[in-house]
Protein chains: 6
Amino acid sequence: MRNVEFVRHFTKYAAGSVLIRQGDTWVLCTASVENKVPSFLRDSGRGWVTAEYAMLPSSTATRKDRDIKKLKQDGRSVEISRLIGRALRASLDMAKLGERTITVDCDVLQADGGTRCASITGGMVALEDAVRGLMARGELSENPIVRRVAAVSVGICGGKPTADLDYAHDVSADVDMNVVMTSDGRFVEIQGTAEHEPFDEEQLETLRRLAKEGCQALFAAQAQALSDN
Amino acid sequence: MRNVEFVRHFTKYAAGSVLIRQGDTWVLCTASVENKVPSFLRDSGRGWVTAEYAMLPSSTATRKDRDIKKLKQDGRSVEISRLIGRALRASLDMAKLGERTITVDCDVLQADGGTRCASITGGMVALEDAVRGLMARGELSENPIVRRVAAVSVGICGGKPTADLDYAHDVSADVDMNVVMTSDGRFVEIQGTAEHEPFDEEQLETLRRLAKEGCQALFAAQAQALSDN
Amino acid sequence: MRNVEFVRHFTKYAAGSVLIRQGDTWVLCTASVENKVPSFLRDSGRGWVTAEYAMLPSSTATRKDRDIKKLKQDGRSVEISRLIGRALRASLDMAKLGERTITVDCDVLQADGGTRCASITGGMVALEDAVRGLMARGELSENPIVRRVAAVSVGICGGKPTADLDYAHDVSADVDMNVVMTSDGRFVEIQGTAEHEPFDEEQLETLRRLAKEGCQALFAAQAQALSDN
Amino acid sequence: MRNVEFVRHFTKYAAGSVLIRQGDTWVLCTASVENKVPSFLRDSGRGWVTAEYAMLPSSTATRKDRDIKKLKQDGRSVEISRLIGRALRASLDMAKLGERTITVDCDVLQADGGTRCASITGGMVALEDAVRGLMARGELSENPIVRRVAAVSVGICGGKPTADLDYAHDVSADVDMNVVMTSDGRFVEIQGTAEHEPFDEEQLETLRRLAKEGCQALFAAQAQALSDN
Amino acid sequence: MRNVEFVRHFTKYAAGSVLIRQGDTWVLCTASVENKVPSFLRDSGRGWVTAEYAMLPSSTATRKDRDIKKLKQDGRSVEISRLIGRALRASLDMAKLGERTITVDCDVLQADGGTRCASITGGMVALEDAVRGLMARGELSENPIVRRVAAVSVGICGGKPTADLDYAHDVSADVDMNVVMTSDGRFVEIQGTAEHEPFDEEQLETLRRLAKEGCQALFAAQAQALSDN
Amino acid sequence: MRNVEFVRHFTKYAAGSVLIRQGDTWVLCTASVENKVPSFLRDSGRGWVTAEYAMLPSSTATRKDRDIKKLKQDGRSVEISRLIGRALRASLDMAKLGERTITVDCDVLQADGGTRCASITGGMVALEDAVRGLMARGELSENPIVRRVAAVSVGICGGKPTADLDYAHDVSADVDMNVVMTSDGRFVEIQGTAEHEPFDEEQLETLRRLAKEGCQALFAAQAQALSDN
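Residues numbered from 1 in each chain as written. Chains lettered and ligands numbered in written order. Predicted model: local features only at pLDDT ≥ 70, side-chain atom pairs only at ≥ 80, totals over all residues. Heavy atoms only, no water.

> Can you break down the side chain of Arg147(A) residue by residue, with the values?
Within the secondary structure layout, Arg147(A) lies in the loop between helix H4 (115–136) and strand S6 (149–157). Looking at Arg147(A), its side chain comes within polar contact range of the main-chain oxygen of Ala90(A), at 2.7 Å. Setting aside chain neighbours within four positions, we find Arg147(A) in contact with Ala90(A), Ser91(A), Met124(A), Thr182(A), Arg186(A), Glu197(B) and Pro198(B). (Helix = DSSP H or I, 4+ residues; strand = E, 2+ residues; numbered from the N terminus. Polar contact = N/O pair within 3.5 Å; in protein donor to acceptor, adjacent residues only side chain to side chain. Contact = heavy atoms within 4.5 Å.)

> Tell me about the interface of chain D and chain C, residues and numbers included.
With 26 residues of chain D at the contact, the number on the chain C side is 26 residues. Across the interface of chain D and chain C, roughly 2,700 Å² is buried in total on both sides, 49% from carbon and sulfur atoms. Where chain D packs against chain C, one counts twelve salt bridges. Among the ionic pairs, Arg82(D) bridges to Glu79(C), the shortest N-O distance being 2.5 Å. Counting only elements with at least two residues in the side of chain D that touches chain C, the list comes to helix H2 (75–89), strand S9 (187–194) and helix H6 (201–225) of chain D. The biggest single contributor to the side of chain D that touches chain C is S9(D), with eight residues. Taken together, the residues of the side of chain D that touches chain C sort by class into eight nonpolar, five polar and 13 charged. By the bridge criterion, five bridges tie strand S9 (residues 187–194) of chain C to S9(D) in an arrangement that is antiparallel. Each residue of the ladder has a partner; that of Ile190(C), found in S9(D), is Gly192(D). (Buried area = accessible area lost by both parts, 1.4 Å probe. Salt bridge = Lys/Arg side-chain N within 4 Å of Asp/Glu carboxyl O. Nonpolar A, V, L, I, M, F, W, Y, C, P; charged D, E, K, R; others polar. Pairing = 2+ DSSP bridges.)

> Which residues make up the relation of the copies chain D and chain C, and what values do they have?
When chain D is fitted to chain C, the best match, at an RMSD of 0.0 Å, comes from turning it 180° and sliding it 0.0 Å along the axis. What we have between these two chains is a two-fold relation. The overlap is high: 100% of the interface residues of chain D also sit at the interface in chain C, so the same surface is used on both sides. (Least-squares fit on C-alpha atoms with pLDDT ≥ 70 in both.)

> I'd like a rundown of the sheet that holds strand S8 (residues 173–182) of chain A, residues and numbers included.
Spatial ordering of the open sheet is given by S7(A)-S6(A)-S8(A)-S9(A)-S9(B)-S8(B)-S6(B)-S7(B), a layout of eight strands whose pairing is antiparallel. At either margin of the open sheet sits one strand with a lone partner, and together these are strand S7 (160–163) of chain A together with strand S7 (160–163) of chain B. Taken over all neighbouring pairs, the strand axes of this sheet differ in orientation by 15° on average, direction set aside. The sheet contact formed by S8(A) and strand S9 (residues 187–194) of chain A spans seven bridges and is antiparallel. Bridge pairing in S9(A) links Asp176(A) to Thr193(A). (Axes fitted to C-alpha atoms, helices over the stretch in contact; angles between N-to-C directions.)

> So, the environment of Ile80(A): which residues are in play, and what are the values?
Residues and elements named next belong to chain A. Tracing the backbone shows Ile80 in helix H2 (residues 75–89). Classification of Ile80 as buried rests on a relative accessible area of 0%. Linking Ile80 and Val7, residues 73 residues apart in sequence, is a C-alpha distance of 23 Å. (Buried < 20%, exposed > 50% of the residue type's maximum accessible area, 1.4 Å probe, protein only.)

> Talk me through the interface of chain A and chain F; I want residue IDs and the actual numbers.
Contacts between chain A and chain F engage 33 residues on the former and 33 residues on the latter. Taken together, the two surfaces of chain A and chain F that pack against each other cover about 2,800 Å², and 57% of this comes from carbon and sulfur. Contact with chain F buries surface across chain A, with Tyr13(A), Arg66(A) and Ile68(A) losing the most and accounting together for 23% of the total. Where chain A touches chain F, the interface holds 14 salt bridges. With its nearest N and O atoms 3.9 Å apart, the salt bridge here joins Asp112(F) to Lys12(A). At the boundary of chain A and chain F, one finds 18 residue pairs in polar contact (both at pLDDT 80 or more). Mapped onto the side of chain A that touches chain F, the elements with two or more residues apiece are strand S3 (25–34), strand S4 (48–55), helix H1 (67–70) and strand S5 (101–110) of chain A. Element by element, the count of residues in the side of chain A that touches chain F is highest for S5(A), at six residues. For the side of chain A that touches chain F, a count of residues per class yields 14 nonpolar, nine polar and ten charged.

> I'd like a description of the packing of helix H2 (residues 75–89) of chain C against H2(D), backed by residues and values.
At a closest axis distance of 9 Å, the pairing of H2(C) and H2(D) adopts a crossing angle of 110°. With respect to H2(D), the element H2(C) is oriented roughly perpendicular. Taken together, the residues of H2(D) that come into contact with H2(C) (itself represented by Gly75(C), Arg76(C), Val78(C), Glu79(C), Arg82(C) and Arg86(C)) are Gly75(D), Arg76(D), Val78(D), Glu79(D), Arg82(D) and Arg86(D). Here the contact of H2(C) with H2(D) is composed, by residue class, of two nonpolar, two polar and eight charged. (Parallel < 35°, antiparallel > 145°, perpendicular 65-115°, else oblique.)

> Explain the relation of the copies chain A and chain F residue by residue, including any values.
Rotating chain A by 180° and moving it 0.0 Å along the rotation axis overlays it on chain F with an RMSD of 0.0 Å. Take the interface residues of chain A: 100% of them recur as interface residues in chain F, which is what a same-surface contact looks like.

> Can you tell me about the sheet that holds strand S6 (residues 149–157) of chain C, naming the residues and giving the values?
Taking strand neighbours across the sheet as the criterion, the eight strands line up as S7(C)-S6(C)-S8(C)-S9(C)-S9(D)-S8(D)-S6(D)-S7(D) in an open arrangement whose pairing is antiparallel. Two strands bound the open sheet, and with one partner strand each, they are strand S7 (160–163) of chain C together with strand S7 (160–163) of chain D. Pairs of neighbouring strands in the sheet enclose a mean axial angle of 15°, with direction left out of account. Where H2(C) meets the sheet, it contacts S6, strand S8 (173–182) and S9 of chain C together with S9 of chain D, and its direction lies at approximately 150° from that of S9(C). Each of strand S6 (149–157), strand S8 (173–182) and S9 of chain D touches helix H4 (residues 115–136) of chain D; the most contacted strand, S6(D), lies at about 160° to it.

> An account of the packing of aromatic side chains is needed here, citing residue identities and associated values.
Under the counting rule described, the total for this entry stands at 18 aromatic pairs over all chains. On the numbers, 5.5 Å between centres and 35° between planes, the contact of Phe199(A) with Phe187(B) is tilted. Here Phe187(B) lies in strand S9 (residues 187–194) and Phe199(A) lies in the loop between S9 and helix H6 (201–225), a pairing that spans two chains. Phe187(B) matches Phe199(A) in its accessibility class, with the two residues each being buried. Taking NZ or CZ as reference, Arg21(C) lies 4.9 Å from the ring centre of Trp26(C), over its face. (Phe/Tyr/Trp six-rings, centres within 6.5 Å; stacked < 30°, edge-to-face > 60°. Lys NZ or Arg CZ within 6 Å of the ring centre and 35° of its normal.)

> Give a description of the pattern of salt bridges that names residues and reports values.
Under the counting rule described, the total for this entry stands at 176 salt bridges over all chains. Across the pair Glu34(D) and Lys36(D) runs a salt bridge, and its minimum N-O distance is 3.8 Å. A salt bridge links Lys212(F) to Glu201(E), with the shortest nitrogen-to-oxygen separation between them at 3.1 Å. Of this pair, Lys212(F) sits in helix H6 (residues 201–225) while Glu201(E) sits in helix H6 (residues 201–225), each in a different chain. Of the residues examined, Lys212(F) reaches a relative accessible area of 28% and is grouped as partly exposed.

> How would you summarise the pairing of strand S2 (residues 16–22) of chain E if you had to cite specific residues and measurements?
Residues and elements named next belong to chain E. Burial analysis of S2 places six of its seven residues in the buried class, the great majority of the element. Sheet topology note: the strand S1 (residues 4–8)/S2 ladder contains five bridges and is antiparallel. When the sheet's bridge partners are listed, Phe6 is paired in S2 with Ile20. Bridge count for S2 against strand S3 (residues 25–34) is seven bridges, and the pairing is antiparallel. The residue of S3 that forms the bridge with Gln22 is Thr25. The antiparallel pairing of S2 with S3 creates a hairpin that spans two residues between the two strands, and Gly23 there sits at a positive phi of about 60°.

> Give me the lowdown on the packing of helix H2 (residues 75–89) of chain E against helix H4 (residues 115–136) of chain E, citing residues and values where you can.
All names here are of chain E. Direction vectors running N to C along H2 and H4 enclose 40°, while the axes themselves pass 10 Å from each other. Accordingly, the angle class assigned to the pair H2 and H4 is oblique. In the packing of H2 onto H4, the handedness of the crossing is right-handed. Where H2 approaches H4, its residues Arg76, Ile80, Leu83, Ile84, Ala87 and Leu88 are matched on the opposing element by Thr115, Arg116, Ser119, Ile120, Gly123, Met124 and Leu127. Classifying every residue of the contact of H2 with H4 by side-chain character gives eight nonpolar, three polar and two charged. (Left-handed = near helix turned anticlockwise from the far one by under 90°.)

So this is what it looks like as structure tokens:
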């Protein structure tokens, strides 16, 4: 596993702002709070968490055009934004959040594999900082965060089970699995994909175990980063 | 499991055209062949399979606006299109396909849960019909299809493991997993999502077994449908 | 004239759902009801009917890209959607419909000429089924349908007046005319276009007569299809 | 019929530039020539004419938002652009034009009814000026214009057949018909629409005669405007 | 300086409608009034002026595609629209205007350099005509126009300071400066750009003086044009 | 003037990557090189520099929606992108750059006034780093950078001339001027805008002097930052 570092309060405006650096993968995760909810939740007393993932043009080896140039959000970014949103929603009791929307923006400054997982792991810290702010200002009386989530990518590279794949490992992996877990060892989301050769139950089992270990390390890092105000 | 039916040669223009009816879920899967590939494959000798998923406005209980009205492809459709494409690509040896692109369009005529899985299972049949056409016309000498894929949604609904979820089951499921398998019992893609409560290893194991059984039934149905020309 | 067939209640969600098969031209016509009207009719006590026409990518001999790919609705589809809307509105007394909008979606599953006319003729049946539903549920006390409409394409192909042009006839026609009529023999819309050589009054007269006969056959088929519940 | 005036050479850049003033309807029609054709005509030796119709925001009683604001071309403008293009193409022998595209832009400066017909009638003059320029510069040896076209709107307003409807007549018309004719009295396009009550054969006949007279007056005006260089 | 001419009341619908002809640069400037303001001014008692600048496709030597074709407003037009809006807002006391928005549309019919300046100079006259209308109808009791603005482009062309650059001068200018002034000789906006070689303080001083003289001539022309009703 | 800091080589992929921190204004400026030019420069032997400016959603006090959500690039961003591009182009001899395009992306991580000026000042350093890379790899034999540019915003706030406005000063400024200069004290671009009250020659003169001093401080900081490899 690559070293992971959380720079909390990285920028000053968003309610939560965390720069996560996982090896050479750097994602700026910010959480912004609004006192309104999507129409399907209006008058439900429940809140919402949504996420937006994007890569800066210079975050990859070859410069990537901005979405606005093509007037189309990149398909991969759409898929990842939806995954991050689902993952982070699992950490909250929406009734306790009340009719608020927290938008977690995950902007990749530098990509070296595992950006979707780093976005979830870092976004969790930004989300918690935003919630702490709501509580400190008395806008929330009870903590809506019921568990933390973290995510790791695992894969089988050249026959060898590997956790926290960087870009070089990612492109060469036979199987690639992104796993979102809770600190009590349960699953929020599992996405395993056979890039080349289908995988069997044993490989799935191996990857699952590896993911669990990887997430435990990330939970420890999150806890330490969040241990002071 | 709901009854599944494949109407092959449903429409006349596409190289493969299959209406899959899985209970009240109806998807028109068509495969169209073009003698060109995306730029990243040019001069590689390899082919490509891509998929597009869309719902007709009247396919759901409440009419759904067309994407073109908002000038934005529905995020869920983007995510599903990418999944179908990855799943179907796993069935082919792209070197044997040669520099051709097969586009599999999955248009949902009526949605009652499991449309993404039906699209994969039915799209496989349309893809095979398209390939048979290429072989019959002598454009391909060797069959590029190295295995069939099929997909099933499984979930835990009210505590009870259930396969092939219809819409009523889908919305009430605690855990929802879409599994794409090969006929030899291996995995191409696993996507498990905890909608409400995270799931544990035992539940994952249960769903995996259930998915395997479900896919076996679908492989049998595919084989029968494809047994005559 | 090609054989015409109406499969009513083809799909289950829309208030009216009709698959019209006119030779190899197949259009799924569905009518959906909403209890609101466009802003220019608000508080007028009057209703509205609008139509949307689109072709599935695989409905034509060469696969057609989806509009969303170009972020632009196909110009021909815009023109046809507007024609269908005008035609179907002529069948209703909007004051009797009340402040409701009925959207008629015409999705071409397979195109072999005459899709805009089939959309009108089939859309009429879907619209009537939707209205019957409103009346059966007591939402309407009086039938707002004051007349049925049907449409036929006529043309002069190789010097010979021809009705209900399939694609092969359509592309070779010197004059091409789409005529929307009412069952009492009057016109709702006439659109005649000289593709190659301008046409004279005699030709117009011939086509008009032919269109009238064609529409009469379609009205008979509509009446029979709608004769049972 | 309202007075019609053609100001040729209104602006200086386009190959043909005509301001047509028909009562208070003013349309700037310009014809621009490019030495290329759409892909379906490449290497055919044939040319193409296309038209674009748009209204300035201030051309109507209530300011109209620009299309770009909604990122969508107004549906009515799409329909009218297509009509103008078909009409003007009927005036040319495309083989004689050679592989050139003439784009006729019809920008409505002020709209008081009949803008689509004025665009055709004025666009014809701009097109002819552009062709004269090609011939004067020796780029064309033979005149590709084989006939002139003109268009008039006719209608039945309060029971009274009326030609060249201004906006007040247009909105009150029971039947509204746009007719594109050639100077030898034949039809290029007929578009009749019953706004309120369907129309019968006798009314169609009346409108047709009226349109013929109207077009004859317009052909005379065109001929006079084009009589000098 | 080229001759400048203002044709007031050029079209009939807009509250103010002025065709400004400055040499071969022709811009139709219209001012439309709406009784609403952007959301950031709601309930402020203050009004707003905004501007939209666009070029007709045939206004330039080479035909220019419409923005809607690319689904993107031309970057230069965005920049110029914002400049015109800022310039015209400087002429009004927004509290006296009250909660109204005046939209000034500047549509270039023919471009021969200096279109942004002509849009400001002509837009001022259209704006004043719109305000006069509001006052004449008793909708405004006090004139919100506190000063007039006009704009001129100045530059150094082949070493020679030049005012009111036409297109030929504009493309060859070493320095190009657009200056918006008030009739009392103060500045609303200065935009100086070194196209080739940076400019020094002396050149800036020269251009500033030249711009002042140029604007004085334009203020005289505006005053004369507005001297009668 | 606020403290300014340049973090060179901030990210690893772009040819030049500089984080400029000017007080609480932070902009990530990256320069990417491509071996192609826009079509108007093809076969000219000359290169091009273009810039793209954008703000991260969380960079401002209130979260700002992404452009892609509205399918429209923010007008202010368009205007600023064009300004940055013009400014940076003034630093290069395009013939010496050869047929290459350098794209300078300026992504605002945190905005506290003066972001467009910081983008130019920081973008210059990124551009120089990219050019040094080209020279180090032998792709360029002669340095195309002929001068450095820097930019500062100056204004009159509460009657007091002020340089390097932060957001609080910016919104309260009576006059606001952005000045792009070269190290030899000449001007590349001057954009002065009277937000409230027009400004006179004396104020312009004061601001110009202030800008010159401000830019000199920035040139010193640039030189120091670039003094080592």
